[in-house]
Every structure is written in C-alpha cells, then in structure tokens.
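Take a look at the letters that make up each chain.
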Amino acid sequence: MKKIIQRLLKGDVAIQYQEQRDLLAKERKDLQGRIAFEGWGNSFLSKRNVEGHCGRGFYQPKWISSHYTLLDLRNLCISPENKVIRESIAKILRQCKVKDGGIYPISKKSDVYVNDRFLYYASYFQAEQEDLKSVIDLVLSEQMPDGGFNCRSNRSGAVHSSLHTTLSILEGFTEYKYNKYTYRIEDVKEAIGSSKEFILMHQLYLSDRTGKLIDKNFLRLSYPGRWRYDILPAMDYFRYSLSNWDERMQPALDVLLKKRNRNGTWNLQAKLPGQTHFDMEKVGKPSRWNTLRALRDLKYFGIDGLKYHIEAGVTHFVWLPFFVSAPTF
C-alpha cells in the first residue's frame, strides 16, 4: 500500500489533494488551492475564451465545450469559490436557459441528462438557488415509475430508466443537497432514495429480469466517464453519498477486485471517442484516477485491508466496517 500511496503522490495536484483527503484523512487546502494554477486544472481553465466559454459555447464541440470542461473541473475538486468558473456558470444560466426551464434544448426539449450534469457542477460552485429552481423542476418532472431516470424520457418516449442517467441524477441531486439548497429538497431526497434503489435493484450492472450483464461497457473502467456508466463511479457514488453497505453491491465489488493489478493499481480500460482538450491518462495503462477511486471505495466500505483471496473464480474478503465522517468525492 505504501508504494501505491507514493505513486499517487507523484500525480497531478488534483490527485494529490484527493488522495490526502480521502485516503490519508488530511484536508490539504493548500493543495486544493494549487489546482487552479498548475497541472490539469490550470490547463482546463486556460481553454476559457474571452466570451467566457470553452470550445464554441455551452455544448459544442462536445468534450471541449463549456459543459464538459466545467464537469472536468468539478471532478478535479478545484475550489468551489473559483471566481472565473462561477462567472461562466452565471453566464450559462443567463444565456442558455430555455422555455421549459432547462439548460440547452435537444430536439426542442431540454435533455434531462445535460441538465443534471449542469446541476451537479452548478451546485458545487454554489450557483444562486433562484437560478436553479427551474432546473430542479425539470429534472424532478422526468422521474419514471421504476424510480430512476432516462435522458430520453421527454424526447423519445423511454419506458425504462437508464443506469447512465440515473447515476448522473444521483450525483447532481446529492451535490444539491450537500450544498444546503432548500428548494424542493424533500422531493430531491425522495428521488435520491428511489434512484439508489433502482441501481441496487440491478446490482449495479445486472438485469433485474434475467440477472445477466446489461452492457459489457459497464465493466470497463474509464475516466473521465462523461455520460457513460460503469461500476466504479457507481461504487464511488455510494461512498460519496455516505451509504451503508448493501449486499447487492457484492457482484460489482467482486469484479472490481479482480481487475486490480498485481502491483495494487487499476488500469484505465476505456475512453470515449471525440476531441478533447488533452488526455489525462492513457488507455491500457495503470490509472491514478481509477486507483484512487477504487482504494477510497474499499476504505469506506471497510475493505481497505484488502484481505481477500480467489477460490474457484470467486473473490472473498473480510468486511470490516469503516465509515468516513464527511462526504468526499
């Protein structure tokens, strides 16, 4: 474990900050403050143009747009008080809100997924509650009878929730709750509960009807995942939301442990195609992002001792309760 910690400490300052906070229980605000001025954080911020956007605006080109650049910056855990980022979000709220109350229409209607990703980082950077009310109304209105969400619900008549969209909704609503917004907070909390149950009902990656793998990509660990779901951010969400262990997480945890390299790291296994500002890591190589996230999830759920072995293809471990005292992501 010591060697893995040392490897993470040699990474980008954003990795260093989250490692110190989540694995070593040290809140290093000095490291967080450096994210805006060096490494990946500074590189993302440098892409902002004089109009206050990245790329050609809010959503174009996709991965280098303002939307996904702001999402990347939030996941670096750059300071939520960053003035430049707050200005960009305020501008989006002024210029990109449409008739249904959402941000950015797709096929004449606001996309549920886009709006919840926006809610996720806008809440983190503490946008004004009044400006977020219509976004909350839009997203809540699209909850499906099975308890989850689907980004196609208001555009092409989806009848079953999506793990992709539901996890994104959970992250956005939970960030909204953590930042002490009050508008429709009881409705938000209820949606969080039912959406968690939707993911657990699928054991994070299995069909609730057949028990079979829904999509092989759910087992390919990527970063940044952007819109794509896989089991690692799902496990990381349950940690982030301070959830108790649920035995329905077991299949995903077994898969995650089997993906661990002999040297204690996890690889970057996939990357979505498309133009990016830059690549933080290379596919097929050990990933500091995936290793950090996996280790903090194992720590949170009491498996940080990694006392497991494999017998007949099944991973077993000793479960030792260990809970952090505050939400970390």
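Residues numbered from 1 in each chain as written. Predicted model: local features only at pLDDT ≥ 70, side-chain atom pairs only at ≥ 80, totals over all residues. Heavy atoms only, no water.

Peer 1: Looking at this structure, how should I read the packing of helix α1 (residues 2-9) against helix α2 (residues 13-22)?
Peer 2: It is at 8 Å that the axes of α1 and α2 come closest, and there the two elements cross at 140°. Considering the angle they form, α1 stands oblique to α2. Within the contact between the two elements, α1 uses Ile5, Leu8 and Leu9 and α2 uses Ile15, Gln16, Glu19 and Gln20. Split into classes, the residues belonging to the contact of α1 with α2 amount to four nonpolar, two polar and one charged. (Axes fitted to C-alpha atoms, helices over the stretch in contact; angles between N-to-C directions. Helix = DSSP H or I, 4+ residues; strand = E, 2+ residues; numbered from the N terminus. Parallel < 35°, antiparallel > 145°, perpendicular 65-115°, else oblique. Contact = heavy atoms within 4.5 Å. Nonpolar A, V, L, I, M, F, W, Y, C, P; charged D, E, K, R; others polar.)

Peer 1: Looking at this model, I keep getting lost on the pattern of salt bridges. Mind explaining?
Peer 2: Under the definition given, this model contains 21 salt bridges. Among the salt bridges present, the one from Lys29 reaches Glu27, with a minimum N-O distance of 3.9 Å. Residue class for Glu27 comes out partly exposed when judged on its relative accessible area of 43%. Two residues, Asp297 and Arg239, come together in a salt bridge whose shortest N-O distance is 3.1 Å. Of this pair, Asp297 sits in helix α13 (residues 288-300) while Arg239 sits in helix α11 (residues 231-240), placing them 58 residues apart in sequence. Neither Asp297 nor Arg239 differs from the other in exposure class; each is buried. Look at the salt bridges and you will find they share partners, linking Arg21, Asp22, Asp236, Arg239, Arg296 and Asp297 into a network. (Salt bridge = Lys/Arg side-chain N within 4 Å of Asp/Glu carboxyl O. Buried < 20%, exposed > 50% of the residue type's maximum accessible area, 1.4 Å probe, protein only.)

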